[in-house]
Amino acid sequence: MTGNGANNFPYGLINNTNNQAFPIEIANGATLNLNSNSSRGQMFNFWNNNPLQINNSGTLNLNDSGTSDVFKGVNGVDLTNNGQVNLTAYN
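Keep in mind the model is a prediction, meaning the values are calculated, not measured. (Residues numbered from 1 in each chain as written. Predicted model: local features only at pLDDT ≥ 70, side-chain atom pairs only at ≥ 80, totals over all residues. Heavy atoms only, no water.)

A. Summary view of the overall build of the protein. Secondary structure summary: the protein contains 0 helices and 11 strands in total. When the helices and strands of the protein are listed from N to C terminus, the series reads β-β-β-β-β-β-β-β-β-β-β. When contacts within the protein are restricted to residue pairs at least 6 apart in sequence, long-range pairs at least 24 apart make up 79% of them. Taken as a whole, the protein presents about 5,400 Å² of accessible surface, with 43% of it coming from carbon and sulfur. (Helix = DSSP H or I, 4+ residues; strand = E, 2+ residues; numbered from the N terminus. Contact = heavy atoms within 4.5 Å. Areas by Shrake-Rupley, 256 points an atom, 1.4 Å probe, with all protein chains shown as cover.)

Here it is as structure tokens:
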């Protein structure tokens, strides 16, 4: 899993807080690329079934070419999209 081309997250983005949303904010003119080719972990792996909230005003690219599901333990995805979303997934 790679965020912004520099940070490596070997087991995906993990939110282990209880009943707390995991927010992702993408500003106008910004691009967020999340790429995963893992056969072990998910791109989003929430231990306590928390919601995922994405506020996209730029460009969001999600690419999962691995053999795992993109989401695990995610209790709903709320996408507010005023930009562009590109999603490719193996599963």
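Okay, back to it.
B. Up close: the environment of Ala89. With respect to the helices and strands, the residue Ala89 is situated in strand β11 (residues 84-89). Residue Ala89 is classed as partly exposed on the basis of its relative accessible area, which comes to 39%. Sequence-wise, Ala89 and Asp69 are 20 residues apart; in three dimensions their C-alpha atoms are separated by 8.2 Å. In this structure, Ala89 is in contact with Asp64 and Val70, ignoring residues within four places of it in sequence. (Buried < 20%, exposed > 50% of the residue type's maximum accessible area, 1.4 Å probe, protein only.)

C. Representation of the confidence of the model for the protein in the model. Averaged over all residues, the pLDDT of the protein equals 78, while 75% of them reach at least 70. Contacts for the low-pLDDT stretch residues 1-9, under 50 throughout, to residues beyond four places or in other chains number 18 contacts. (pLDDT = per-residue confidence, 0-100.)

D. Structural context of the sheet that holds strand β4 (residues 22-26). The sheet built from 3 strands is open, its strands ordered β4-β7-β10 with parallel pairing. Every interior strand has two partners, whereas the edge strands, β4 and β10 (77-81), have only one. Across the sheet, the mean angle separating the axes of adjacent strands is 10° when strand polarity is ignored. In this sheet, β10 lies alongside strand β7 (residues 52-56) in parallel orientation, the contact comprising 5 bridges. Paired with Asn55 across the two strands is Thr80, which belongs to β10. (Pairing = 2+ DSSP bridges. Axes fitted to C-alpha atoms, helices over the stretch in contact; angles between N-to-C directions.)

E. The nonpolar core, seen in detail. The biggest cluster of nonpolar side chains holds 12 residues, and these are Phe22, Ile24, Ile26, Leu34, Met43, Phe44, Phe46, Leu52, Ile54, Leu60, Leu62 and Val70. Where this core is concerned, the elements lending two or more residues are β4, β6 (44-46), β7 and β8 (59-64). Broken down by element, this core gets its largest block of residues, 3 residues, from β4. Residue contacts for Val70: discarding those within four places in its chain leaves Gln42, Met43, Phe44, Asp64 and Ala89. (Core = buried A, V, L, I, M, F, W, Y, C linked by side-chain atoms within 4.5 Å.)

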